[in-house]
Amino acid sequence: MIHIDKNNTYSILSSVQVAAKVVKNLQPEDYKLLRVFAFGLEHHETLTRHQLAGYSKLHEDIVDYRLKGLQEMNLINKSNRGFTILNAGLDTFALKILAEKNIISGIGKPIGVGKESDVYEAITDRLKERAIKFFRIGRISFREATKKRSFALKEHDKIHHWLLVNISAAKKELDMLQRLKNTGISLPLPLYRAMHCIAMNRINGVRLASVKDLEQPSTVLQNILFSIGIAYKNQIIHSDLSEYNVLVGQTSGDTWIIDWPQAVATDHPNARYLIKRDVFNIVRFFNRRFAVGKNLDDALRDVLNSSSSCATTTKNSAAPKLST
Ligand SMILES: Nc1ncnc2c1ncn2[C@@H]1O[C@H](COP(=O)(O)OP(=O)(O)O)[C@@H](O)[C@H]1O
Ligand SMILES: [Mg+2]
């Protein structure tokens, strides 16, 4: 676990990679510029030195000097149109925000590297354990783009596009977790979003996919179906449910449903298909791995019925506005 100094410099380890190597050398002026890049993303694909000086209120000479340094650290990129923030630049800025807001004081090893995210362990100054999820949708495109020393115009556009997609996915997942947190479903407690990262409490569990033995598999399955039912009653369908998005407590057998950015509302045109797919994925897995012999259609009916008779109420009872 590496300490993060929220005032100025901090040093972090491991594969929030480029960011981790360089953050300890960054100065307040660097963060001012990263802030301008990060908050300007929505309106600017690139920024000129003149715009950067204007928005940051730094002298153009200082801007030139700092931009050179940020480029050398691979946090930003220069093209003939101006400067663009890269993934590592956004990681660095997000970590700075999380440290400043006292959400974390140190970040450690990766605890989950998925296709669309990197999840790291982190700690607060009161030694509470956190999980930080960095969204990496479009990662392959980033890799291809950042391999090249100079980018074609197209690559810039792609990076800019994916950074916005990741910020938006982080917003969406935080929103889903917040809507569901008081409903009785077991899921990570959402804490904060910084750009394309969300901070959650860290769950002490393993992926259901890697569990070979369960003491009471039928009960565990019922609990998961119950959670799906509660979400459905709250007009939310996870839409990517499988043994990879359920964590299981190693000794308790408790379950948590994770990874909610692709959730849809129950009035989505494909709602029926998506809820069925979620339920069938989980039930098929339990039948295959633990031979529980649960009938797929019965399970779906249980979910839909439990959701209509479920007594759980939520503080967020307004119908969720989800993308359809
Ligand atoms: N709150 C958490 N506590 C502990 N581990 C987590 C937490 N959230 C995610 N993980 C780990 O990170 C992995 C990837 O997270 P997930 O949200 O499923 O993202 P992806 O979209 O990449 O699949 C999970 O399989 C799990 O191992
Ligand atoms: Mg996942």
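Report follows, based on the coordinates.

Cut-offs applied
- Residues numbered from 1 in each chain as written.
- Chains lettered and ligands numbered in written order.
- Predicted model: local features only at pLDDT ≥ 70, side-chain atom pairs only at ≥ 80, totals over all residues.
- Heavy atoms only, no water.
- Near = heavy atom within 4 Å.
- Polar contact = N/O pair within 3.5 Å; in protein donor to acceptor, adjacent residues only side chain to side chain.
- Areas by Shrake-Rupley, 256 points an atom, 1.4 Å probe, with all protein chains shown as cover.
- Helix = DSSP H or I, 4+ residues; strand = E, 2+ residues; numbered from the N terminus.
- Nonpolar A, V, L, I, M, F, W, Y, C, P; charged D, E, K, R; others polar.
- Domains from an automatic or database assignment.
- Buried < 20%, exposed > 50% of the residue type's maximum accessible area, 1.4 Å probe, protein only.
- Donors = N, O, S within 2.8 Å, 3.2 Å for Na, K, Ca; no water.
- Pairing = 2+ DSSP bridges.
- 1 Å grid on protein atoms, 1.4 Å probe; cavity = no way out; pocket = protein on both sides within 12 Å on 5 of 7 lines; lining within 4 Å.
- Points joined across faces, edges and corners; volume = space filled by probe spheres on them.

Glancing now at the site of ligand 1. Lining the immediate surroundings of ligand 1 are 19 residues, of which Ser117, Lys133, Ile203, Arg207 and Asp259 lie closest. Here a nitrogen atom of ligand 1 and a backbone polar atom of Asn201 are 3.1 Å apart. One of the side-chain N or O atoms of Arg207 is found 2.7 Å from an oxygen atom in ligand 1. In isolation ligand 1 offers 550 Å² of accessible surface; the protein chains occlude 90% of this area. Broken down by secondary-structure element, the contributors of at least two residues to the shell around ligand 1 are β4 (106–113), β5 (117–123), β6 (129–135) and β8 (197–201). Partitioning the shell around ligand 1 into residue classes produces nine nonpolar, five polar and five charged. When residues of the shell around ligand 1 are sorted by domain, at least three fall in each of domain 1 (2–180) and domain 2 (205–309).

This part covers the environment of Leu26. Inspection of the secondary structure puts Leu26 in the loop between α1 (17–22) and α2 (28–40). A residue is classified by how much of its surface remains accessible, and Leu26, at 0% relative accessible area, is buried.

For the rest of this paragraph, the subject is the coordination of the magnesium ion (ligand 2). Protein coordination at the magnesium ion (ligand 2): the donors are Asn245 (OD1) and Asp259 (OD), at 2.2 Å from the metal. Pair noted here: Asn245 is in the loop between β10 (236–237) and β11 (246–249) and Asp259 is in the loop between β12 (255–257) and β13 (264–265), with a separation of 14 residues, a long-range link. There is no split in this pair, since Asn245 and Asp259 are both buried.

Attention shifts here to the pairing of β8. By the criterion of burial, β8 is predominantly enclosed, with four of the five residues buried. Looking at chain direction, β6 and β8 are connected through five bridges and run antiparallel. Its bridge partner lying in β8, Lys133 is registered against Ile198. For strand β7 (residues 190–194) and β8, the ladder comprises four bridges, and the chain directions are antiparallel. What sits directly across from Pro190, in β8, is Met200. Linking β7 to β8, which pair antiparallel, is a turn of two residues; within it Met195 sits at a positive phi near 50 degrees.

This part covers empty space enclosed by the protein. In this structure the tally under the stated criterion is three cavities of 30 Å³ or more. What the largest cavity holds in volume is close to 50 Å³. Forming the walls of the largest cavity are Phe37, Gly40, Leu41, His44, Glu45, Thr46, Leu47, Phe83, Thr84 and Ile85. Secondary structure elements with two or more residues in the lining of the largest cavity: α2 and β3 (82–85). Counting residues per element, the lining of the largest cavity draws most heavily on β3, at three residues. Looking at the lining of the largest cavity residue by residue, the classes come out as five nonpolar, four polar and one charged. Taken as a whole, the second largest cavity spans an internal volume of roughly 40 Å³. Contributing to the lining of the second largest cavity are Ser227, Ile228, Ala231, Ile236, Ile237, His238, Ile257, Trp260, Ile275 and Asp278. Where the lining of the second largest cavity is concerned, the elements lending two or more residues are α8 (217–233), β10 and α9 (271–290). Broken down by element, the residue count for the lining of the second largest cavity peaks at three residues, all from α8.

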